[in-house]
Amino acid sequence: MSDRRSAFILAGTGSGCGKTTVTLGLLTVLQRRGLRVQPFKVGPDYLDTAWHSAVTGVASRNLDSFMLPPPVLNVLFRQHVATADVAVIEGVMGLYDGYGSDPDYCSSAALAKQLAVPVILLIDGKAVSTSIAATVMGFQHFDPSLHIAGVIVNRVNSDSHFQLLKHAIEHYCNLPVLGYVPVTPGVALLERHLGLVTARESVVDAQPWHEFATHLEQTLDIDRLLTLSQTTTLPQGTFPDMPAPEAGAGLTLALADDEAFNFYYADNLQLLEHAGVRIVRFSPLHDYELPTCQMLWLGGGYPELHARALSANQPMRDAILTAHRRGVAIYAECGGLMYLGDTLVDAAGDKWPMVGAIPGHSRMSSKLIRFGYCEARATQQTLLAAEGETLRGHEFHYSDFTPCVDAVLACHKTRDGEVLKRWQGGWQVGNTFASYLHLHFAQRPTMLQHWFAAARSAS
């Protein structure tokens, strides 16, 4: 594949520097030019990709170097940019921040080198002048092998201030400054305990974002950005063994998709569909009947914010419990686990009855219970892994689950070669498996074979 396109990673100096807001503005600008854009996010974040998708109408994809081996990540990237004019990749945290202290592991910088795409560095211009060059120079020289193609300065209130910053960076760092992002009311993204509010809840108001894009068209050199990020080559990659196209033929998956449950990787859904699975979306909040299905997936989200309504929807709770008892192959991640338990205690201390498929109780905490990448070895046959198989995933939750059955996953978190913590998690009851672990199926697509086999055994 050698056709010319543009591709770049928009990386920042740290979390909270404005990467998501600027990414959304750039996506809007590029689409207004009639370009076919493909958004991506470095790492496991669901919320940023949801915003990308809401603004563009194009499914944003996660590029996660912990869950996906390099050849798999590369081939997914190739597939998704094949029909795009420009790939916009939002970085994670700071440019060199990854898993542990190794800047070449799971960082935006490492991924830029793996994919052979340039970095556009976003840096805060508030309350600084010449010192901004020292910051840029530090990022520039920390890894001389990394291609930083240009700089965008965020939070600049005047053109005269920008000209001072631009001169300092270009004079001392010899890097092109592609423009600045003005402070614009109405485009700030609200946050809560898991990060940004979801795009579905805070419906994208087209007017502020289009006004923001209009500002960016005036303050950023988009033509130069596209020229500096042009590429004619894409990384080579291969998929591991895939389920046969007919492996899931005849199976229907009921997918929970509403305000309470909406954390899904687009690649996971695509893998299921490519295997022949029919996906039917439903709402545990608003629907009273479960679609006829052999498979059921309850993803992550914010069930704790909708606990009253989820509990009050007795017909749906009964339908899911009946499906569980009938042997429907049910998979639940994080928020889905909380919903499948016996009760959920919300942040106000109120206790709400839930489905009751997984014996145990969820309780919200004011602090983060677990965050980050981990590996989980199945200690028995589970819905997605045979005994002894290891899953790589991500946990991020403020709730804790107190089970009344034994766990089926031996989990551990490693950083810089040392095991920081070990714990038990994941619960398999009948044909139902639930855990806090968020998984990307492309790490080993044959894990779907286990799910299909379980679904067929009960159908």
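Scoring rules and cut-offs
Residues numbered from 1 in each chain as written. Predicted model: local features only at pLDDT ≥ 70, side-chain atom pairs only at ≥ 80, totals over all residues. Heavy atoms only, no water. Helix = DSSP H or I, 4+ residues; strand = E, 2+ residues; numbered from the N terminus. Expected span 1.5 Å × (residues − 1). Buried < 20%, exposed > 50% of the residue type's maximum accessible area, 1.4 Å probe, protein only. Arc of directions from axis to C-beta. Contact = heavy atoms within 4.5 Å. Salt bridge = Lys/Arg side-chain N within 4 Å of Asp/Glu carboxyl O. UniProt positions renumbered as here; feature names shortened; annotations may be inferred. Polar contact = N/O pair within 3.5 Å; in protein donor to acceptor, adjacent residues only side chain to side chain. Axes fitted to C-alpha atoms, helices over the stretch in contact; angles between N-to-C directions. Parallel < 35°, antiparallel > 145°, perpendicular 65-115°, else oblique. Nonpolar A, V, L, I, M, F, W, Y, C, P; charged D, E, K, R; others polar. Phe/Tyr/Trp six-rings, centres within 6.5 Å; stacked < 30°, edge-to-face > 60°. Pairing = 2+ DSSP bridges. pLDDT = per-residue confidence, 0-100. Domains from an automatic or database assignment. Buried area = accessible area lost by both parts, 1.4 Å probe.

**Brief notes about helix H5 (residues 131-142)**
- Taking 1.5 Å of rise per residue, the 12 residues of H5 would be expected to cover 16 Å, and the 17 Å separating its terminal C-alpha atoms lies within 8% of that figure.
- Residues of H5 that are buried include every one of Ile-132, Ala-133, Val-136, Phe-139 and Gln-140, and no others. An end-on view of H5 places all buried positions within 125° of arc, on one side of the element. Exposed and facing more than 90 degrees away from the buried side of H5 are Ala-134, His-141 and Phe-142.
- Buried residues in H5 make contact with strand E1 (5-12), strand E5 (119-124), strand E6 (148-156) and helix H6 (159-173).

**Focus: the pattern of salt bridges**
- Here the structure, examined in full by the defined rule, presents 14 salt bridges.
- Lys-41 is the salt-bridge partner of Glu-90, the closest N and O atoms lying 3.4 Å from each other. A residue pair is termed long-range when its members are at least 10 positions apart, and Glu-90 in strand E4 (residues 86-94) and Lys-41 in strand E2 (residues 37-42) qualify at 49 residues.
- Glu-90 gets classed as buried once you look at its relative accessible area, which sits at 1%.
- On the basis of relative accessibility, which here comes to 4%, the residue Lys-41 falls in the buried class.
- For Glu-375, the salt bridge goes to Arg-392, with nearest N and O atoms at 3.7 Å. Taken together, the positions of Glu-375 in strand E20 (residues 370-378) and Arg-392 in strand E21 (residues 390-397) put the pair 17 residues apart, joining distant regions of the chain.

**Digging into the UniProt feature "site: Increases nucleophilicity of active site Cys" (unreviewed entry) in the protein chain**
- When the UniProt feature table is mapped to this numbering, "site: Increases nucleophilicity of active site Cys" (unreviewed entry) covers His-438.
- With respect to the helices and strands, His-438 occurs in strand E27 (residues 438-439).
- You can call His-438 buried: its relative accessible area is 4%.
- In this view, His-438 contacts Tyr-46, Met-67, Gly-300, Glu-333, Cys-334, Gly-393 and His-394; residues no more than four positions away in its chain are not counted.
- Side-chain polar atoms of His-438 contact the side chain of Tyr-46, separated by 3.3 Å.

**Let's talk about helix H13 (residues 447-458)**
- The complete set of buried residues in H13 reads Met-447, Leu-448, Trp-451, Phe-452, Ala-454 and Ala-455. Seen from one end, H13 has its buried residues packed into an arc of 160°, which puts them on one side.
- Contact partners of the buried residues in H13: strand E11 (252-256), helix H9 (266-274), strand E14 (295-298), strand E16 (329-333) and E21.

**Considering the packing of helix H3 (residues 70-81) against helix H4 (residues 108-115)**
- Their axes nearest at 11 Å, the elements H3 and H4 cross at an angle of 70°. The angle between H3 and H4 falls in the class roughly perpendicular. For the pair H3 and H4, contact is made by Pro-70, Leu-73, Asn-74 and Phe-77 and by Leu-111, Gln-114 and Leu-115, respectively.
- Broken down by class, the residue content of the contact of H3 with H4 amounts to five nonpolar, two polar and no charged.

**Here we look at the packing of aromatic side chains**
- Applying the stated rule across the entire model yields 22 aromatic pairs.
- Where Tyr-96 meets Phe-139, the ring centres are 6.1 Å apart and the plane angle is 20°; that geometry is what we call stacked. Of the two residues, Tyr-96 is situated in the loop between E4 and H4 and Phe-139 in helix H5; the sequence distance between them amounts to 43 residues. The two residues Tyr-96 and Phe-139 agree in class, both being buried.

**Examining the sheet that holds strand E18 (residues 351-353)**
- One open sheet accounts for four strands, arranged E18-E17-E19-E22; its pairing is mixed. Each edge of the open sheet carries a strand with a single partner, namely E18 and strand E22 (399-403). Strand-to-strand, the axes of this sheet are offset by a mean angle of 20°, without reference to chain direction.
- As paired strands, strand E17 (residues 343-345) and E18 are joined by three bridges and run antiparallel to one another. Of the residues in E18, the one forming a bridge with Thr-343 is Pro-353.

**Things to note about the side chain of Thr-231**
- Note on placement: Thr-231 falls in strand E10 (residues 230-231).
- Looking at Thr-231, the relative accessible area reads 8%, which means it is buried.

**Points about the confidence of the model for the protein chain**
- For the protein chain, per-residue confidence averages 93 on the pLDDT scale, and residues scoring 70 or more make up 95% of the total.
- Here residues 191-196 is modelled with pLDDT under 50, and outside its nearest four sequence neighbours on either side it reaches 29 contacts, counting other chains as well.

**What to know about unusual backbone geometry**
- A positive phi is found at Met-93, a non-glycine position, where the angle reads about 50°.
- Among the structural elements, Met-93 can be located in strand E4.
- Relative accessible area serves as the criterion here: at 31%, Met-93 is assigned to the partly exposed category.
- Within the chain, Cys-106 stands out as a residue other than glycine whose phi angle is a positive 65°.

**Here's the deal with the domain arrangement of the protein chain**
- Partitioning the protein chain into domains gives domain 1 (5-231) and domain 2 (252-457).
- In this structure, domain 1 and domain 2 have C-alpha centres spaced 32 Å apart.
- Counting from both sides, the interface comprises 30 residues of domain 1 and, opposite them, 34 residues of domain 2.
- At the boundary of domain 1 with domain 2, total buried surface from both sides reaches about 2,800 Å², with 61% on carbon and sulfur atoms.
- Residues Asp-267 and Arg-61 are paired through a salt bridge, measuring 2.9 Å at the closest nitrogen-oxygen approach.
- One can count 11 residue pairs in polar contact (both at pLDDT 80 or more) joining domain 1 with domain 2.
- Listing elements by their share of the side of domain 1 that touches domain 2, those giving two or more residues are strand E3 (61-63), H3 and strand E9 (195-196).
- The element contributing the most residues to the side of domain 1 that touches domain 2 is H3, with three residues.
- Among the residues making up the side of domain 1 that touches domain 2, the classes are represented as 15 nonpolar, nine polar and six charged.

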